[in-house]
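Structural features, examined
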Amino acid sequence: MRHRKYPFIAGFLFVPLALYLIFVIWPYLQTFGYSFTDWQGQSQTMNFIGIDNYKALFSDSVFMTALGHNLLFLIFVPVVTILLALFFAFMLNVGGRGKSGGVKGVTGSPVYKVLFFLPQVLSVAILAVLFGAVYRSDQSGLLNGVLIKLHLVTAANPIEWLNDPNLVLWCILAILVWWYVGFYLVLFSAAMQSIPKDIYEAALLDGAGRSQTFFRVTLPLLWDSMQTAWVYLSIVAMDVFALVSTLTPGTGYGGGPDHHSEVMATDLMRNFQFFGKSGYACAMGVIILLLTLILSAITLRVSRRERIEF
């Protein structure tokens, strides 16, 4: 085995690599090829049309609206989720003070961690049913029921949360933040627990307050974890198909009212399934892939900095 080490390793790598190429890379290449055709999706008959699909994309008002919504998610989902997760993780790990003046989390922090993480174990289907009841547009909806009890709205005129063009996108954003903040709270908590308590205690002895400790100690030492979180949340922001298609009104895959919650993935599926414009939908898929790769690369490049050792 000492003399045939590389053939031995290659033998074990061949099968998983072949499966990855067949079931992951090959479909990507097929999609890229179909995007240059007028394929209708129901037969193998297709004609090469060059970059016509890509030209049509950028003159398609629905797709451009969907792109704008994805970019809005790309800004708000990572920023709001990471800020909330950092704040809660800081409070649950080093936000309290021990009897001897040491550093510890707030009282009951282990219970809070479990409660915050619970949304992460819910599937998208359960999430859609849950928030369908929360955002229901009559007085039986949770939010409207609370507002009616507080006399902020009347039972005759409840708020149309998912049917209001000005509210629907923010309702989806709130669900995403609620869903993911617990996971990143646990991620940041694990990173904080690896930071020696002596560093925090030394900062306290020097007279640092909670805000100074957070910005001067915690934030720099959590930079790698934040970078990872930002990349993953950016990918989430580019693919909110499941929530939008199940919760919002619209033809086939949601996106309503009047495309005010449309995202690129829902527009893609509608063109593929309902309009029979499969080659056009493949072009959308290629654009989504390229945007995701470019944004991830930019995020990693912009947030790159020297690692702090301790």
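Provided above is the structure to which this section pertains.
Residues numbered from 1 in each chain as written. Predicted model: local features only at pLDDT ≥ 70, side-chain atom pairs only at ≥ 80, totals over all residues. Heavy atoms only, no water.

Attention shifts here to the side chain of H69. Here H69 shows up in helix α3 (residues 61–94). When near neighbours in sequence (up to four residues on either side) are disregarded, H69 contacts L169, H259, H260, S261, E262 and V263. (Helix = DSSP H or I, 4+ residues; strand = E, 2+ residues; numbered from the N terminus. Contact = heavy atoms within 4.5 Å.)

Right, let's get into the packing of aromatic side chains. Counting across every chain of the model gives 15 aromatic pairs. Centre to centre, the rings of F32 and F36 are 5.1 Å apart; their planes meet at 85°, and the pair counts as edge-to-face. We classify F32 as partly exposed; its relative accessible area is 43%. What makes F36 buried here is its relative accessible area of 18%. Considering the side-chain rings of W39 and F272, the 6.3 Å spacing of their centres and the 70° angle between planes classify their relative orientation as edge-to-face. On the criterion of sequence distance, the pair formed by W39 in the loop between α1 (5–34) and α2 (52–57) and F272 in helix α12 (residues 264–273) is long-range, its members being 233 residues apart. The class for W39 is buried, based on a relative accessible area of 11%. By way of ring pairs, the aromatic residues F32, F36, F48 and Y54 are connected into one cluster. (Phe/Tyr/Trp six-rings, centres within 6.5 Å; stacked < 30°, edge-to-face > 60°. Buried < 20%, exposed > 50% of the residue type's maximum accessible area, 1.4 Å probe, protein only.)

Residues F73, L86, Y135, L176, F188 and L247 are the most contacted members of the largest nonpolar core, which totals 54 residues. Of all the elements in the fold, those that place two or more residues in this core are α3, α5 (124–134), α6 (142–149), α7 (168–193), α8 (197–205), α9 (210–221), α10 (223–238) and α11 (241–247). A per-element tally of this core places α7 first, with 16 residues. Contact partners of L86, with chain neighbours within four places excluded, come to F188, M192, F214, L219, L222 and M226. (Core = buried A, V, L, I, M, F, W, Y, C linked by side-chain atoms within 4.5 Å.)

With that out of the way, let us pick up the packing of α3 against α10. Viewed as axis vectors pointing N to C, α3 and α10 meet at an angle of 140°, and their least axial separation amounts to 8 Å. The orientation of α3 with respect to α10, classified from their angle, is oblique. Once α3 is placed against α10, the crossing between them reads as right-handed. Every residue of α10 that contacts α3 at N70, F73, L74, V77, P78, V79, T81, I82 and L86 is listed here: M226, A229, W230, L233, S234, A237 and M238. Looking at side-chain class alone, the contact of α3 with α10 contains 13 nonpolar, 3 polar and no charged residues. (Axes fitted to C-alpha atoms, helices over the stretch in contact; angles between N-to-C directions. Parallel < 35°, antiparallel > 145°, perpendicular 65-115°, else oblique. Left-handed = near helix turned anticlockwise from the far one by under 90°. Nonpolar A, V, L, I, M, F, W, Y, C, P; charged D, E, K, R; others polar.)

With that settled, consider the pattern of salt bridges. As a working rule, side chains carrying opposite charge can pair if their charged atoms are close by. All told, the structure shown has 2 salt bridges when counted by the stated rule. For the salt bridge of E262 with R270, the shortest nitrogen-to-oxygen distance reads 3.1 Å. R270 shares its class with E262; the two are buried. Between D267 and R270 there is a salt bridge, and its shortest N-O distance comes to 4.0 Å. Of this pair, D267 and R270 both sit in helix α12, 3 residues apart, which is roughly one turn of that helix. By relative accessible area, which is 3% here, D267 ends up buried. The class of R270 is buried, set by a relative accessible area of 4%. It is possible to trace a salt-bridge network through shared partners that takes in E262, D267 and R270. (Salt bridge = Lys/Arg side-chain N within 4 Å of Asp/Glu carboxyl O.)

Its location among the elements puts S225 in helix α10. Note on S225: relative accessible area 17%, which makes it buried. Apart from the residues lying within four places of it in its own chain, the contact partners of S225 are L187, F188 and A191.

On the surface, F14, V15, L17, L19, Y20, L21, I22 and F23 cluster together into a nonpolar patch covering about 860 Å² of accessible area. Structurally, L17 can be placed in helix α1. (Patch = residues over 30% accessible without salt bridge, like charges linked within 9 Å, V, L, I, M, F, W, Y side chains within 5 Å. Areas by Shrake-Rupley, 256 points an atom, 1.4 Å probe, with all protein chains shown as cover.)

Here we take up unusual backbone geometry. Omega for the bond connecting G256 with P257 falls within 30 degrees of zero, at 0°, which places this linkage in the cis form. Residue placement: P257 occurs in the loop between α11 and α12. Non-glycine residue H151 carries a positive phi angle of around 60°. Along the chain, H151 turns up in the loop between α6 and α7. Of note, the phi angle at H259 is positive, near 65°, even though the residue is not glycine. For H259, the location among the structural elements is in the loop between α11 and α12.

Let's shift gears to the environment of Y34. Along the chain, the position of Y34 falls in helix α1. Using a relative accessible area of 18% as the deciding quantity, one classes Y34 as buried. Leaving out residues up to four positions away in the same chain, Y34 has contacts with W39, Q44, M46, G279 and C282.

Geometric values such as these leave the question of function open.
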